[in-house]
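Chain by chain, the residues:
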Amino acid sequence: MNSIITDFDLVMRFESENERLVKGIEDMDVAQVKDVETFARLESYKKEMLYLLSVNPGTINQEIHSPWIEKNKLNGYLAQKYNVSSFGHIDEDMYYEAYCNSSSVPEWSKLIERRGETNMVAELKEKYDEAKSFDARCIYAIELAHAYEADVDSWAEDDYRNPAIPLMEYLMKEQKYSIYLKELWMKWHTLYQDSEGASKDSEIPNHLYNEYRKICISSTLAYIKEHPDDILAINNYIVMAFEKNILREGVFRYGNQYMLDKYNLFREKYKERGI
């Protein structure tokens, strides 16, 4: 679903990509989806999107035939069918109690409050190096990403990406599970896109972001196979698998949509500006 709407989004910006992307969508094999109804929905979505790429938008009723209408219909179906409540009970308080009160990093709430401060990089690097658990290393890597954003003077002269990025990639490649993997991946790919550009015409390597996403959700799935009753891990798997790609067009009109993630995930950068 997300791949095809991303292709459609690219064609809307660069019409010359139409032929290549149409072939890519035609070659997309969803036969691995075993649920009969879900398979039929995906095939129908794929067929309609190919039709929309083949016609002049001005010649059709866009209140009936629209890529966004089709995407939202499928999105609604999938969100209901694969809702976490199908697998067990979870509520917001339960999730945040487990998420925010990490026994590995009991001072995490204080570190979050300090986001935006300068001169935290050395302290956090030391904590990362001394961390014993994978959860702790994920948390300290996340906080290092924030610390580097707040203290650009701590970057090496030849750094053009946030220096926490290689550290975050290393952790994902370890193929271990942590409840913090989703936040790690979200912040990693947002910062990576920061170095690629904010323009609607910038390079947006969603293929790379999805390679790392697959590593994270595969690690999570392997954990779930050993811990089938861990509803928090199941929730993380579903949510992360459902995350959208970075689009060029959308709510943010002045560039590609990564800016919304940057604003939401690194709020401390915008507080002083009153945004």
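Residues numbered from 1 in each chain as written. Predicted model: local features only at pLDDT ≥ 70, side-chain atom pairs only at ≥ 80, totals over all residues. Heavy atoms only, no water.

## Concerning the side chain of Gln 193
Put simply, the test is: For helices the rule is a DSSP run of H or I covering at least 4 residues; for strands it is a run of E covering at least 2, with both sets numbered from the N terminus onward. Type-normalised accessible area, obtained with a 1.4 Å probe on protein chains alone, sets the label of each residue: buried when under 20%, exposed when over 50%, and partly exposed for intermediate values. Contacts are assigned to residue pairs that have any heavy atoms within 4.5 Å of one another.
Within the secondary structure, Gln 193 is located in helix α10 (residues 181–196). Relative accessible area serves as the criterion here: at 0%, Gln 193 is assigned to the buried category. If near-sequence neighbours (up to four positions away) are discounted, Gln 193 is found in contact with Ser 202, Glu 203, Ile 204, Pro 205, Tyr 209, Ile 246, Asn 256 and Tyr 258.

## Regarding the packing of aromatic side chains
So the rule is basically this: Aromatic rings from Phe, Tyr and Trp, with only the six-membered ring used for Trp, were paired whenever their centres fell within 6.5 Å, and each pair was classed as stacked if the ring planes differed by under 30 degrees, edge-to-face if by over 60, and tilted otherwise.
Taken as a whole and judged by the stated rule, the model has 12 aromatic pairs. Ring geometry for Tyr 95 versus Tyr 99: centroids 5.6 Å apart, planes at 20°, classification stacked. With Tyr 95 and Tyr 99 both in helix α5 (residues 92–100), this residue pair falls four residues apart, about one helical turn. Residue Tyr 99 is classed as buried on the basis of its relative accessible area, which comes to 10%. Aromatic pair Phe 252 and Tyr 254: ring centres 5.9 Å apart, planes at 80°, arrangement edge-to-face. By relative accessible area, which is 23% here, Phe 252 ends up partly exposed. For Tyr 254, a relative accessible area of 66% gives the class exposed. Through pairs of rings, three or more aromatic residues link up here, namely Tyr 95, Tyr 96, Tyr 99, Trp 108 and Tyr 180.

## Observations regarding the layout of surface pockets
The following threshold applies: Of the grid points, spaced at 1 Å and generated over the protein atoms alone, those admitting a 1.4 Å probe that cannot get out make up cavities, while open sets with protein on both sides within 12 Å along at least five of seven lines make up pockets; any residue with an atom within 4 Å of a point is treated as lining. Grid points are joined across faces, edges and corners, and a volume is the space filled by probe spheres set on the points. Under the convention adopted here, Pro, Cys and the residues Ala, Val, Leu, Ile, Met, Phe, Trp and Tyr are nonpolar, Asp, Glu, Lys and Arg are charged, and Gly plus all remaining residues are polar.
Considered as a void within the structure, the largest pocket measures approximately 1800 Å³ in volume. If you tally residues by element for the lining of the largest pocket, the top one is helix α11 (residues 206–226), at 10 residues. Grouping the amino acids of the lining of the largest pocket by side-chain chemistry returns 26 nonpolar, 12 polar and 11 charged. Counted as a void, the second largest pocket has a volume near 630 Å³. Taken together, 23 residues line the second largest pocket, and the ones lying closest to its centre are Tyr 96, Tyr 99, Glu 183, Lys 187 and Leu 265. Those elements that place two or more of their residues in the lining of the second largest pocket are α5, α6 (108–113), α10, α13 (258–265) and α14 (268–271). Across the lining of the second largest pocket, the residue classes tally to 11 nonpolar, two polar and 10 charged.

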